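Next come the chains, spelled out residue by residue.
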Amino acid sequence: MKRIGIFILSLCIFVACTQRKESPTPPWGAVQDSAGFDLSEIQGAGELIALTLSGPDTYYDFGGRHLGVQYLMAERFASSIGTKLRVEVCRDTAELLQRLGNDDGDLAIVRLDADTTVSGWRVGEGKPQLEEALANWYQPAMLAETREEERDLLTQRRVVRHVFAPMLSRGVISRYDAYFKRYGRQYGWDWRLLAALCYQESTFDPRARSFAGAQGLMQIMPGTADHLGLPRQVINDPERNIEAGARYLKELEGELAAISDHTERQNLAMAAYNGGLHHIRDAMRLAERDRRNPHRWSDVRIYVLRLSEPRYYQDSLVRHGYMRGEETANYVDNIRLRYQKYKRSAK
């Protein structure tokens, strides 16, 4: 009988001893023999590769930060063995197990039962060192601790920092109005709309920093700053940060150039600024399939919200998986409401 490495993370987990043991064949069948790229080779390469599926418990992108309880635990394990973590997202369990059998990854995070939130980590044949390290590392309390860690991160994301008043006085939105006006003209955005977006991002706090590492008034991610040519040492400078944010919005708008209506194009650009262009395009494809208008925010918004449901984020049209869409939906709506107030009070 083949020896099969299986490590199931759940509250009722049985922690294996350091010696490999026989395991019953799981419901999806045995993993095929692999080349055995084991722990010492993984450490030498400096990278642990995890195969997984997109989902709220396994792996997803939220505000520029990768989340999912299983992902966060995999980060911990990778750190414990002195490597970085690289995640490869598969379309389905069959692809995941095939790639694990081909040794395309070092371990797989799989859902054992579609009706529960229990997931498993599976190590294929030929990796006894990795299996032993995983068994020695894991403690049952880790699962609950990591769920709390993710909950804290998501709570931090929603903290509203009332650092400055919504408007300083009648006709003056913020102390940064001159920058909003300058770069609004340059990039074709109403300065009051830029100001409304900035308030939603940071409440006009130039020192604001998100849980994912976004910084400054317009909450620019370090990777986005690099892409825009904004030096990281000046990322919190108010003018440079506002210019970069406005330029990035213009870039996103250009990616959505097929949308002829200017207001709708900007709505979807703002949604992409918050939730990621890839998720917005997934929602647009779903809207079009269902004979809704993929160029109208009110129609696309429906699918931004639905991308948190398995029947939608597992749809063959969806290329980037699960999305926590509620924040993005509210983000655009709140900016538009604040913009209407700013238009009545500032010229």
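This is a predicted model, so every value here is computed, not measured. (Residues numbered from 1 in each chain as written. Predicted model: local features only at pLDDT ≥ 70, side-chain atom pairs only at ≥ 80, totals over all residues. Heavy atoms only, no water.)

Engineer: Looking at this structure, I do not really get the packing of aromatic side chains. What am I missing?
Structural biologist: One pair of aromatic rings is described through two measures. These are the centre distance and the angle between the planes. With the rule as written, the count across this model stands at twelve aromatic pairs. Summarising the aromatic geometry, the rings of Phe62 and Phe211 are spaced 6.2 Å apart at their centres and angled 40° between planes, so their arrangement reads as tilted. A residue pair is termed long-range when its members are at least 10 positions apart, and Phe62 in strand β3 (residues 60-62) and Phe211 in the loop between α7 (191-202) and α8 (222-228) qualify at 149 residues. Both residues of the pair, Phe62 and Phe211, belong to the buried class. Within the aromatic cluster, the residues linked to one another by ring pairs are Phe77, Trp121, Trp137 and Tyr138. Taking the ring centre of Tyr303 as reference, the NZ or CZ of Arg306 above it sits at 5.2 Å. Positioned above the aromatic ring of Phe62, the side-chain terminus of Arg324 is 5.6 Å from the ring centre. (Phe/Tyr/Trp six-rings, centres within 6.5 Å; stacked < 30°, edge-to-face > 60°. Helix = DSSP H or I, 4+ residues; strand = E, 2+ residues; numbered from the N terminus. Buried < 20%, exposed > 50% of the residue type's maximum accessible area, 1.4 Å probe, protein only. Lys NZ or Arg CZ within 6 Å of the ring centre and 35° of its normal.)

Engineer: Can you walk me through the packing of helix α12 (residues 297-306) against helix α14 (residues 325-345) in this structure?
Structural biologist: If you want to describe how two helices pack, look at the angle between their axes and the distance between the axes. It is at 8 Å that the axes of α12 and α14 come closest, and there the two elements cross at 155°. What the angle tells us is that α12 and α14 run roughly antiparallel. Handedness of the α12/α14 crossing: left-handed. Facing α12, whose interface residues are Trp297, Arg301, Val304 and Leu305, α14 presents Gly325, Glu326, Thr328, Ala329, Asn330, Val332 and Asp333. Among the residues forming the contact of α12 with α14, the class breakdown is five nonpolar, three polar and three charged. (Axes fitted to C-alpha atoms, helices over the stretch in contact; angles between N-to-C directions. Parallel < 35°, antiparallel > 145°, perpendicular 65-115°, else oblique. Left-handed = near helix turned anticlockwise from the far one by under 90°. Contact = heavy atoms within 4.5 Å. Nonpolar A, V, L, I, M, F, W, Y, C, P; charged D, E, K, R; others polar.)

Engineer: What's the story with the nonpolar core in this structure? I'm lost.
Structural biologist: Membership of the largest hydrophobic core comes to 70 residues, with the highest contact counts inside it found for Phe180, Phe204, Met218, Met270 and Tyr273. For this core, the leading source of residues is α7, giving eight residues. Counting residues in each nonpolar core, the second largest holds 21 residues, with Leu39, Met73, Leu107 and Ile109 among its members. (Core = buried A, V, L, I, M, F, W, Y, C linked by side-chain atoms within 4.5 Å.)

Engineer: Help me understand the pattern of salt bridges in this model?
Structural biologist: Opposite charge on two side chains permits pairing when their charged atoms draw close. Going through the model one piece at a time under the given rule, you end up with 25 salt bridges. The salt bridge partner of Asp106 is Lys127, with a shortest N-O separation of 4.0 Å. Taken as a pair, Asp106 in the loop between α3 (93-101) and β6 (107-111) and Lys127 in the loop between β7 (119-123) and α4 (128-137) lie far apart in primary sequence, 21 residues in all. In this structure Asp106 comes out as buried when scored by relative accessible area, which is 4%. (Salt bridge = Lys/Arg side-chain N within 4 Å of Asp/Glu carboxyl O.)

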